[in-house]
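Structural features, examined
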Amino acid sequence: EHLFYKVVTPSDVGKLNRLVIPKQHAERWFPLDPCLRKKGRLLSFQDVVSRELWWFRYSYWSSSQSYVLTKGWIRFVKDKDLQAGDIISFER
């Protein structure tokens with residue numbers, strides 16, 4: 001089942017080491033208990049091509065009011081050689 005896709009932005013692959021998940025998709029598909037927003041939680045995703053499992057910290061940054069994938073993200077960017085303009089698809 002296709003959930004959503006995201007066009008990767010320059011800041012998603014830049015020095016901030018995070019992927020912003022659009023709010024409407026974050027709240028619909030990855031609801032985060034308010035008490036876990038700051039601390040976050042670990043989410044796993046599987047690459048459909050390589051079948052490799054990837055783990056990311058998922059949290060809410062109140063300063064920018066953004067839902068983000070952080071820890072593990074930069075390794076994924078480098079491993080997949082992601083560039084701004086690439087598309088990431090989320091499915092389940």
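Cut-offs applied
- Residues numbered from 1 in each chain as written.
- Predicted model: local features only at pLDDT ≥ 70, side-chain atom pairs only at ≥ 80, totals over all residues.
- Heavy atoms only, no water.
- Helix = DSSP H or I, 4+ residues; strand = E, 2+ residues; numbered from the N terminus.
- Rg over C-alpha atoms; globule rule 2.2 N^0.38 Å.
- Buried < 20%, exposed > 50% of the residue type's maximum accessible area, 1.4 Å probe, protein only.
- Contact = heavy atoms within 4.5 Å.
- Areas by Shrake-Rupley, 256 points an atom, 1.4 Å probe, with all protein chains shown as cover.
- Pairing = 2+ DSSP bridges.
- Axes fitted to C-alpha atoms, helices over the stretch in contact; angles between N-to-C directions.
- UniProt positions renumbered as here; feature names shortened; annotations may be inferred.
- Core = buried A, V, L, I, M, F, W, Y, C linked by side-chain atoms within 4.5 Å.

You'll find the chain entered in an unreviewed UniProt entry as TF-B3 domain-containing protein, with Selaginella moellendorffii given as the organism.

1. Considering the overall build of the chain
Across its full length, the chain holds two helices and six strands. Traced from its N-terminal end to its C-terminal end, the chain shows the element sequence β-β-α-β-β-β-α-β. In summary, the chain has a C-alpha radius of gyration of 13 Å against a globular reference of 12 Å for 92 residues, a match within 12%. Dimensions along the principal axes, computed over C-alpha positions, put the chain at roughly 35 × 30 × 20 Å. For the chain, the proportion of its 92 residues judged to be buried stands at 36%. Of the contacts formed within the chain by residues at least 6 apart in sequence, a portion of 53% connects residues at least 24 apart. Within the structure as shown, the chain displays about 6,100 Å² of accessible surface, and the carbon and sulfur contribution to it stands at 53%.

2. Re the sheet that holds strand β5 (residues 66–69)
In space, the four strands of this open sheet follow the order β2-β5-β4-β3, with antiparallel pairing throughout. In the strand order of this sheet, the two ends are held by β2 (19–21) and β3 (41–46), each with one partner. Going across the sheet, the axis of each strand differs from the next one's by a mean of 35 degrees, ignoring polarity. In the sheet, β3 pairs with strand β4 (residues 53–61) via six bridges, with the strands oriented antiparallel. Bridge pairing in β4 links Q46 to L53. Set on the sheet, helix α2 (residues 73–80) makes contact with β2, β4 and β5; between it and β4 the angle comes to about 130 degrees.

3. Structural notes on the UniProt feature "domain: TF-B3" (unreviewed entry) in the chain
Those places that UniProt annotates as "domain: TF-B3" (unreviewed entry) correspond, in this numbering, to residues 4–92. Counting secondary structure, residues 4–92 comes out at 17% helix and 35% strand; the distance between its end C-alpha atoms is 10 Å.

4. Re the nonpolar core
Judged by nonpolar contacts, the single largest core of 23 residues is most densely connected at I21, F30, Y58, W73 and F90. Elements represented by at least two residues in this core include exactly β1 (2–7), β2, α1 (23–29), β3, β4, β5, α2 and β6 (87–91). Take this core: its biggest share by element is four residues, from β4. Aside from chain neighbours lying at most four places away, what touches Y58 is I21, A26, F30, L32, G40, R41, L43, Y67, V68 and L69.

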